[in-house]
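Residues per chain, in single letters:
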Amino acid sequence: MPATSTAIGNWVIGDMPAVAITAPKRTEIISVPIALPKDHNILIEMDTVGICGTDVHLYEGTSHYVQTGLTNFPIRFGHEWSGVVLACSSVEFEYLVGKRVTGEPFISCGQCLTCRSGHYNLCPNRFELGVRGEYPGATAKYLSIPATNVHVIPDNVELNEALLAEPAVTAMNAVEKSGLQTGESAAVIGSGTLGLIVLQIAKSVGAEVSVIGVDEDTLNTAKKLGAAHVYHPEEALNDAFDVVFEASGSAQIGPLLTRIAANCARIMQIGIPSGPVNNINFGDFVTKGLSLEGILGGVHLMPRTLELISKGVIKPKEMVHAIMPISQISEAFELVSATGRGKPKILLDMKTL
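Read on for a plain summary of the structure. What you see is a predicted model; the values in this text were computed from it and never measured.

## Brief notes about the side chain of Asp55
And then number 1: Considering the arrangement of structural elements, one finds Asp55 in helix 1 (residues 53-60).
And then number 2: Buried and unpaired, Asp55 has no salt bridge, with Lys345 as the nearest side chain of opposite charge at 6.2 Å.
And then number 3: Dropping the residues within four chain positions of it, Asp55 is found in contact with Ile21, Gly50, Phe77, Gly78, His79 and Phe333.

In structure tokens, the structure reads:
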């Protein structure tokens, strides 16, 4: 058991309300103990939590982690979050008390070869806050987390905007690893939150970016955010794009991936399909000289994504449809999966818990 330590600040003791997914498509407000102070952890009062596609897969019971037994019900979800630090348990982090923060979801062992090579987001022993393993997520009154996982929010960024830095690190990691250059053409498959963030970052490096999706409303939002073209999948041009960012997580995108890729294109797989992807044309990989890379997070990039939000390169207000009270959690999950709104992101107001 981790050693407990004396808290600096107002470390609340006792029980707190939290939200858990107790079975597929069932949520409950439960009472859980507030974590006791332990070395290097901080206690944060939650302000806002975002719902993303990963959370929807957990809610529906289709998540890869649930199906492989890495995560089990009940699940206290919430890996996109923002809040205010109430207390810390180590003097070196005393400066964080009272700060507005957001943070990284990966909690890794730090000892394995994967961690020691700098890839702690891929640690085989990792927890992912509210996603993988038993480390509870942010859908509670308070969150205890290692202080090294948090980042202070710039003064001109609102709490309910800052949490978009978490999905943005994946988008930025994908853009950087792709080597996307000024003047190149890029396609983003998926017009949800992650796809729209990739669009904005890819545009900022001077690329011509097209967005491919099935939702007319979010495709219109992509136009407003500067997409050069928007397409339904069947309309997308053949052999046209130097870089393809797959951000939909759809299991049906196999044929599209290589059809739209130009010779020597780089395909960056960001979305996580809930099952195998069929009909990928591996002949195209050989004859076109294509490459494929999977992207999971990019936690080292969070300070830079917060800066992009601060500077207006990433525009959260253009992506957030609603901030809903926690009492409407089931409706919020259903809304995330529905079409017919231009702004894809749904947030939960944790102050109402």
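## Describing the nonpolar core
And then number 1: Counting residues in hydrophobic clusters, the biggest one holds 45 residues, and the most contacted among them are Leu180, Leu199, Ile201, Phe245 and Ile314.
And then number 2: Among the secondary structure elements, those contributing two or more residues to this core are helix 4 (159-162), helix 5 (165-178), strand 11 (185-189), helix 6 (193-204), strand 12 (208-212), helix 7 (216-224), strand 14 (241-246) and helix 10 (302-310).
And then number 3: For Leu180, the residues in contact, after removing those within four places along its chain, are Val175, Ala186, Ala202, Val205, Ala207, Val243, Phe245 and Arg266.
And then number 4: Core analysis: the next-biggest nonpolar cluster, separate from the first, contains 38 residues, Ile21, Val49, Ile75 and Phe77 among them.

## Focus on the pattern of salt bridges
And then number 1: The full count for this structure, using the stated rule, is 13 salt bridges.
And then number 2: Between Glu128 and Arg126 there is a salt bridge, and its shortest N-O distance comes to 2.8 Å. Here the two residues Glu128 and Arg126 agree in accessibility, since each one is buried.
And then number 3: The residue Lys177 makes a salt bridge to Glu293 at a minimum N-O spacing of 3.7 Å. With Lys177 in helix 5 and Glu293 in strand 16 (residues 291-294), this pair connects stretches of sequence that are 116 residues apart.
And then number 4: One connected set of salt bridges, linked through shared partners, spans Asp47, Asp349 and Lys351.

## Focus: the sheet that holds strand 14
Sheets are built from strands paired through backbone hydrogen bonds, the pairs being either parallel or antiparallel.
And then number 1: With respect to topology, six strands assemble into an open sheet ordered 13-12-11-14-15-16, the strand pairing being parallel. On the outer flanks of this sheet lie strand 13 (229-231) and strand 16, each paired with one strand and no other. Each adjacent strand pair in this sheet contributes to an overall mean axis angle of 20°, direction not counted.
And then number 2: Sheet analysis places strand 11 next to strand 14, joined by four bridges and oriented parallel.

## Here we look at the packing of aromatic side chains
And then number 1: By the definition in use, this model includes four aromatic pairs.
And then number 2: Pairing Tyr59 with Phe333 gives two aromatic rings, centres 4.1 Å apart and planes at 5°, and the pair type is stacked. Placement of the pair is Tyr59 in helix 1 and Phe333 in helix 11 (residues 329-337), with a sequence separation of 274 residues. Take Tyr59 and Phe333: they sit in the same class, and that class is buried.
And then number 3: Feature note: the residues Tyr59, Phe77 and Phe333 constitute an aromatic cluster, connected by ring pairs.

## Overview of the side chain of Ser82
And then number 1: Among the structural elements, Ser82 can be located in strand 5 (residues 80-88).
And then number 2: Reaching out from Ser82, the side chain makes a polar contact with the backbone oxygen of Leu159 at a distance of 2.7 Å.
And then number 3: The residues contacting Ser82, other than those within four sequence positions of it, are Met46, Asp47, Thr48, Val101, Ile153, Leu159, Asn160 and Leu163.

## Overview of helix 6
And then number 1: The end-to-end C-alpha distance of helix 6 is 17 Å, a good match for the 16 Å that 12 residues give at a rise of 1.5 Å each.
And then number 2: Most of helix 6 sits inside the fold, with 10 of its 12 residues counted as buried.
And then number 3: Inspection of helix 6 places Thr193, Leu194, Gly195, Leu196, Ile197, Val198, Leu199, Gln200, Ile201 and Ala202 among the buried residues, and these make up the whole buried set.
And then number 4: Note on helix 6: the residue one or two positions beyond its end, Gly206, has a positive phi of about 90°.

Reading guide: rules and limits
Residues numbered from 1 in each chain as written. Predicted model: local features only at pLDDT ≥ 70, side-chain atom pairs only at ≥ 80, totals over all residues. Heavy atoms only, no water. Helix = DSSP H or I, 4+ residues; strand = E, 2+ residues; numbered from the N terminus. Buried < 20%, exposed > 50% of the residue type's maximum accessible area, 1.4 Å probe, protein only. Lys, Arg positive; Asp, Glu negative; His and termini not counted. Salt bridge = Lys/Arg side-chain N within 4 Å of Asp/Glu carboxyl O. Contact = heavy atoms within 4.5 Å. Core = buried A, V, L, I, M, F, W, Y, C linked by side-chain atoms within 4.5 Å. Pairing = 2+ DSSP bridges. Axes fitted to C-alpha atoms, helices over the stretch in contact; angles between N-to-C directions. Phe/Tyr/Trp six-rings, centres within 6.5 Å; stacked < 30°, edge-to-face > 60°. Polar contact = N/O pair within 3.5 Å; in protein donor to acceptor, adjacent residues only side chain to side chain. Expected span 1.5 Å × (residues − 1).

These figures come from the coordinates and say nothing about function on their own.
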